[in-house]
Protein chains: 2
Amino acid sequence: MNKLHTIGFFILLCSAFAKAQLVQTSQADSLMLKSIYDYSLTESKSYEWLDYLSNNIGGRLSGSIQAQRAVEYTEKEIAKFASRTELQSVMVPKWTRGTPEFAYIQLNDFSTINVNVCALGGSIPTREAGIKAGVVEVTSLEQLAQIGRKEIEGKIVFYNRPMDPTKIQTFEAYGGCVDQRYSGAEEAGKYGAVGVIVRSMNLRLDDYPHTGSMSYGDLDVENYIPAAAISTNDAEKLHTYLSLDKNLQFFLKQDCTVWGDVESYNVIGEIKGTKYPNEVIIVGGHLDSWDLGDGSHDDGAGVVQSMQVLETLKKLDYQPLRTIRVVLFMNEENGLKGAREYAKQAKAKSENHIFALESDAGGFSPRGFSFDATEDQMKVVHSWKKLFKPYLIHYFEKGGSGADVGPLKDSGTVLAGLRPDSQRYFDFHHAANDTFDAVNKRELELGAATMTSLIYLFDQYGVVDNSMD
Amino acid sequence: MNKLHTIGFFILLCSAFAKAQLVQTSQADSLMLKSIYDYSLTESKSYEWLDYLSNNIGGRLSGSIQAQRAVEYTEKEIAKFASRTELQSVMVPKWTRGTPEFAYIQLNDFSTINVNVCALGGSIPTREAGIKAGVVEVTSLEQLAQIGRKEIEGKIVFYNRPMDPTKIQTFEAYGGCVDQRYSGAEEAGKYGAVGVIVRSMNLRLDDYPHTGSMSYGDLDVENYIPAAAISTNDAEKLHTYLSLDKNLQFFLKQDCTVWGDVESYNVIGEIKGTKYPNEVIIVGGHLDSWDLGDGSHDDGAGVVQSMQVLETLKKLDYQPLRTIRVVLFMNEENGLKGAREYAKQAKAKSENHIFALESDAGGFSPRGFSFDATEDQMKVVHSWKKLFKPYLIHYFEKGGSGADVGPLKDSGTVLAGLRPDSQRYFDFHHAANDTFDAVNKRELELGAATMTSLIYLFDQYGVVDNSMD
């Protein structure tokens, strides 16, 4: 610990002379980043926490017992290094999957082929005996209008537009497809469909169906129809069989339930700032997850990395100038109620959030950050790039930050999101294989170290005050 | 194909006006890279080839039937897009593992704990009944001299220095440890040890022993001793038990065999240059692999990516200015005989190799390249960086290139190695879990696209002639 103490003291000395964002980064910053990475790769707790969240608690859908256990566990762990913890009450939707879904294709010779499906989050069930109907395959919501009610009524609509493999950033490919999942049932319901099957949001061909949130929008309740995802392999299979027998029948049975809202919590912990305690920096991920896997990448990784930021700074004896807070948001997956409540309370208390960092893109090898910030603020960020070069962190671009920090945008907070390598993310996203073994310890730790480094720099140098522009 | 033809023609037009390396990159280059990435991510063959190499052929140790099948298969495939193929004869060492290794720790109460070991490549067997001896644990070769013959004679030496987790580039951590595996038996043999056990070169704690090449150096044959790797989990276990019972016994049985050299082949295919056919650009990986897994990352990935470079250029109707050649080297793992033979023949034929690119760091998400080049040559490479930015390729640094292109260095060839993300590489390297399922299709394809793009740029702009300096 001697070396760490010395470095911490050196940094304190240097920071005493720092004049906010105008100062040049110093040798002390390089040393601090080295300490952060070294600690993260050798003694940090993130992987152990993720093991517990994933393997001891499991999938943490909003309103579930597991979500409540995760609230209690993380608060207990955060209390070990934070000077203050808080459970922030929030009402969240509760939806349960029920017994495993069952689906098959029935050809005109009455032979059947089982396929892998799962109910989309928020969907109603089928009737107890299941539904069986002909299938209309489309590749977009717009195509429904062209086809018209006559052909759609009484049928199951099959949305089969794949993610675009030529997009280098896979989140872009996801963004170009997810309307089918989110609004597919609403649109098909308008034309009298009896159900929808959506190709899983997955770039890979495999057997896992991927769930995710959906909405009936403004549809009248009597027009609500069951919605399920089908694995990419089985989407290809269904497409092939439809080309051979357009009158085939599709059977779907699911018994999920939409319940009323229940109380849950955002988990908050902080280390008070020594110089500017009223300037708040937050780092967070979402504590809820889908129910099929154990939510290790989405977003167990972001949760433990955010906790790790504070634990690392504490263990390195770093005394932050500003207040650094970890926020574990509840209900990102199907409502964003936790994020909205947090922003509402921050506003009500007139808290000055200068910077908010989110990790919700998986526990993969980190590449950098995307920012929701002004050009002047980006200039400051770019002046820090050289500090990250030894750690192969290169991506510092304007772009989306994250769903949970989004509601703070109105307050003028600089927002950012960790950007790990995205190539494998949708192999696991919202599926049964999003499990602990899919996360690499070093990659998780490198992400946490990269986040800690950025939080440290914002703590040292603050943000460009836009009111001065 | 229309769009591709148009782009190809546009590039030909532009290249006619290009004055080697002095020309600025153009819009045509950006379009060409976009075509390369799009083709690679949608229609390329690399993943299918890797499936065959891994699942149909399997591990391809030099001199094995599998290595021969790989030679025949890849030549057949390369002939589909190359204008010329060649099998270049080379004598390679042959070593076989025999029946599975068996090892256990025996405590002083005669209880035993089985541990996971594998013979190191090139090791002699134990006697048929196995060996049982006390254990001397060390963390370096140097430590043996300090301990001295008296304590080492008749014992098994256990090398247990782990890879350094704080190295961001994992190959650096590997380089800092691998002397234990390569020279451990030679050094311990000098002090009368009866065997060596080496902690696997793996940053992760798991149950897989990792093999790899070793050498007896100048040791007299009668002092050769069996050498095996032990999994990282079991290395930790052995260390713990030694701290409890320093007189514990270790049992090892392995029946590997060192045979005489046998004939094998480098596989070569090329597309002749249209303008400077005597300037040769090569791209390659090694066709041999270790025998425990199927060598998907090491180096099936590099093999199929190198083949893909030529297939992509051919399918895009690109007519190279210079001769572009794929070389699949035999025997990288335990002899480098293929690489030496290739360089020797190139010299004998006075072939002018201007650029040689190797892929032998796994099929992971590509980050860039390291180069063995002059400062002037690096300036040209850096002028291309902006073309790669849309593909998140950012790493263009001086450093090692690769073992197989290394022997060309004497000829003044610019050398480079693909640098994929290295965090997971040693989880699989030389172990039974280096299998097809550990390779992600998109990451493999992005690597091939990145290599194709660099080869295209070297073809267009050539290299700075150092004789002009």
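Since we're looking at a predicted model, the values are computed, not measured. (Residues numbered from 1 in each chain as written. Chains lettered and ligands numbered in written order. Predicted model: local features only at pLDDT ≥ 70, side-chain atom pairs only at ≥ 80, totals over all residues. Heavy atoms only, no water.)

Considering the environment of Lys349 of chain B
All names here are of chain B. Defined as follows: Strands are runs of DSSP state E lasting at least 2 residues, helices are runs of H or I lasting at least 4, and numbering of each runs from the N terminus. Whether two residues are in contact is decided by their heavy atoms, any of which lying within 4.5 Å being enough.
Mapping Lys349 onto the fold places it in the loop between helix H11 (337-348) and strand E15 (352-358). Placed 72 residues apart in sequence, Lys349 and Asp421 show a C-alpha to C-alpha distance of 37 Å. For Lys349, the residues in contact, after removing those within four places along its chain, are Glu86 and Gln88.

Section: the interface of chain B and chain A
So the rule is basically this: Computed with a 1.4 Å rolling probe, the buried area is the accessible surface lost when two parts are put together, summed over both parts. A carboxyl oxygen of Asp or Glu within 4 Å of a side-chain nitrogen of Lys or Arg is what we treat as a salt bridge. Contacts described as polar in this section are N or O atom pairs within 3.5 Å, which, within protein, must combine one atom able to donate a hydrogen with one able to accept it, while residues neighboring in sequence count only if both atoms come from side chains. Note on residue classes: Ala, Val, Leu, Ile, Met, Phe, Trp, Tyr, Cys and Pro are nonpolar, Asp, Glu, Lys and Arg are charged, and everything else, Gly too, is polar.
With 32 residues of chain B in contact, the opposing surface of chain A contributes 32 residues. Surface buried jointly by chain B and chain A totals about 2,700 Å² across both partners, of which 51% is contributed by carbon and sulfur atoms. It is Ile168, Arg424 and Arg442 of chain B that lose the most area in chain B upon contact with chain A, and together they represent 26% of the buried surface on that side. Linking chain B with chain A are four salt bridges, by the criterion used here. Arg424 of chain B is paired through a salt bridge with Glu443 of chain A; the nearest N and O atoms lie 3.1 Å apart. Linking chain B with chain A are 16 residue pairs in polar contact (both at pLDDT 80 or more), by the criterion used here. Where the side of chain B that touches chain A is concerned, the elements lending two or more residues are helix H2 (27-42), strand E16 (366-372), strand E17 (395-398) and helix H15 (441-461) of chain B. Element by element, the count of residues in the side of chain B that touches chain A is highest for H2 of chain B, at five residues. Within the side of chain B that touches chain A, the residues separate by chemical class into 13 nonpolar, eight polar and eleven charged.

Let's talk about the sheet that holds E15 of chain B
Residues and elements named next belong to chain B. To keep things clear, this is the line we draw: DSSP bridges decide pairing: two strands pair if at least two such bridges lie between them. In this analysis an axis means a line fitted to C-alpha atoms, helices contributing only their contacting stretch, and an angle means the value between N-to-C directions, from 0 to 180 degrees.
With respect to topology, eight strands assemble into an open sheet ordered E1-E12-E14-E13-E15-E18-E16-E17, the strand pairing being mixed. Since the sheet does not close on itself, it has two edges, and those belong to strand E1 (84-92) and E17, each with one partner. Looking at each pair of strands side by side, their axes are set apart by 25 degrees on average, direction ignored. With respect to the sheet, helix H12 (residues 375-383) is in contact with E16, E17 and strand E18 (414-420), its orientation differing from that of E17 by roughly 175 degrees. Running at roughly 40 degrees to E16, H15 makes contact with strand E13 (276-286), strand E14 (322-329), E15, E16 and E18 of the sheet.

Regarding the UniProt feature "domain: Peptidase M28" (unreviewed entry) in chain A
What counts here: UniProt positions are given in the numbering used here, feature names are shortened, and annotations may be inferred rather than shown by experiment.
Here, UniProt's "domain: Peptidase M28" (unreviewed entry) annotation points to residues 266-450 of chain A. Along residues 266-450 of chain A one finds 32% helix and 27% strand; the C-alpha atoms at either end are 24 Å apart.

Digging into the relation of the copies chain B and chain A
Our working rule: To superpose the copies, least squares is applied to the C-alpha atoms of every residue with a pLDDT of at least 70 in both.
When chain B is fitted to chain A, the residual RMSD is 0.0 Å, and the transformation amounts to a turn of 180 degrees plus an axial shift of 0.0 Å. Such values leave the two copies arranged in the relation of a two-fold axis. Across chain B, the smallest distance between a C-alpha and the rotation axis is recorded for His394 of chain B, namely 3.5 Å. The residues that chain B uses at the interface reappear at the interface of chain A in 100% of cases, marking a shared surface.

Focus: the domain arrangement of chain A
Residues and elements named next belong to chain A. Quick note on the threshold: As annotated, the domain borders come from an automatic or database domain assignment.
Looking at chain A, the domain boundaries give domain 1 (2-93 + 261-468) and domain 2 (96-258). With centres defined by C-alpha atoms, the gap from domain 1 to domain 2 works out at 36 Å. Facing the 18 residues of domain 1 at the interface are 21 residues of domain 2. When domain 1 packs against domain 2, close to 1,600 Å² is buried across both sides, 59% of that on carbon and sulfur atoms. At the surface where domain 1 touches domain 2, the tally comes to two salt bridges. Taken together, the links from domain 1 to domain 2 amount to six residue pairs in polar contact (both at pLDDT 80 or more). Ranked by residues supplied to the side of domain 1 that touches domain 2, first place goes to helix H14 (residues 425-428) with four residues. Residue composition of the side of domain 1 that touches domain 2, by class: nine nonpolar, six polar and three charged.

Comments concerning the packing of helix H3 (residues 46-57) of chain A against helix H10 (residues 296-315) of chain A
Residues and elements named next belong to chain A. Operational definition: For this classification, under 35 degrees means roughly parallel, over 145 means roughly antiparallel, 65 to 115 means roughly perpendicular, and everything else is oblique. Helix crossings get a hand from a simple test, with the near helix turned counterclockwise from the far one by less than a right angle marking a left-handed crossing and a clockwise turn marking a right-handed one.
Following both chains from N to C, one finds H3 and H10 inclined at 140 degrees, their axes separated by 9 Å at the closest point. When the axes of H3 and H10 are compared, the pair comes out oblique. Taken as a pair, H3 and H10 cross one another with a handedness that is right-handed. Residues Ser46, Trp49, Leu50, Leu53 and Ser54 of H3 form the contact with H10, whose participating residues are Ser296, Gly300, Ala301, Val303, Val304, Met307, Gln308 and Glu311. Classifying every residue of the contact of H3 with H10 by side-chain character gives seven nonpolar, five polar and one charged.

Some words on empty space enclosed by the protein
Rules: Grid spacing is 1 Å over the protein atoms alone, the probe is 1.4 Å, and a cavity is where that probe fits but cannot get out, while a pocket is an open set with protein on both sides within 12 Å along at least five of seven lines and lining residues have an atom within 4 Å of a point. Grid points are joined across faces, edges and corners, and a volume is the space filled by probe spheres set on the points.
For the coordinates displayed, the defined rule picks out nine cavities of 30 Å³ or more. Quantified by volume, the largest cavity comes out at close to 100 Å³. Lining of the largest cavity is provided by Phe364, Ser365, Asp421, Arg424 and Glu443 of chain A together with Phe364, Ser365, Asp421, Gln423, Arg424 and Glu443 of chain B. Residue composition of the lining of the largest cavity, grouped by class: two nonpolar, three polar and six charged.

Quick notes on H2 of chain B
Applied cut-off: By this rule the span expected of a helix is its residue count minus one, scaled by 1.5 Å. Summary of the burial criterion: residues with accessible area below 20% of their type's maximum are buried, those above 50% are exposed, and those between are partly exposed, where the area comes from a 1.4 Å probe applied to protein chains only.
Between its first and last C-alpha atoms H2 of chain B spans 23 Å; for 16 residues at 1.5 Å apiece the expected length is 22 Å, and the two agree. Considered for burial, the residues of H2 of chain B that qualify are Ala28, Asp29, Met32, Leu33, Ser35, Ile36, Tyr37, Asp38, Tyr39, Ser40 and Leu41 of chain B.

As for unusual backbone geometry
All names here are of chain A. The peptide bond linking Asp298 to Asp299 adopts the cis configuration, its omega dihedral lying at 5 degrees. Mapped onto the elements, Asp299 comes out in helix H10. Unusually for a residue other than glycine, Asn331 sits at a positive phi of about 75 degrees. Here Asn331 is to be found in the loop between strand E14 (322-329) and helix H11 (337-348). Despite not being glycine, Ser350 shows a phi value in the positive range, around 50 degrees.

Quick word on the packing of aromatic side chains
Let me state the cut-off plainly: What counts as a ring pair is set by centres within 6.5 Å for rings of Phe, Tyr and Trp (its six-membered ring), and what kind of pair is set by the plane angle: stacked under 30 degrees, edge-to-face over 60, tilted for all other angles.
Scanning the entire structure with this criterion turns up 48 aromatic pairs over all chains. Consider the rings of Tyr47 of chain A and Phe436 of chain A, whose centres lie 4.7 Å apart with planes at 35 degrees: the pair is tilted. Here Tyr47 of chain A, found in helix H3, pairs with Phe436 of chain A, found in the loop between H14 and helix H15 (441-461); they are 389 residues apart in sequence, far enough to count as distant. For the pair Tyr318 of chain B and Tyr456 of chain B, a centre-to-centre distance of 5.4 Å together with 70 degrees between the ring planes defines the contact as edge-to-face. You can see Tyr318 of chain B sitting in the loop between helix H10 (296-315) and E14 and its partner Tyr456 of chain B sitting in helix H15, a full 138 residues away along the chain. Residue Tyr318 of chain B is classed as buried on the basis of its relative accessible area, which comes to 6%.

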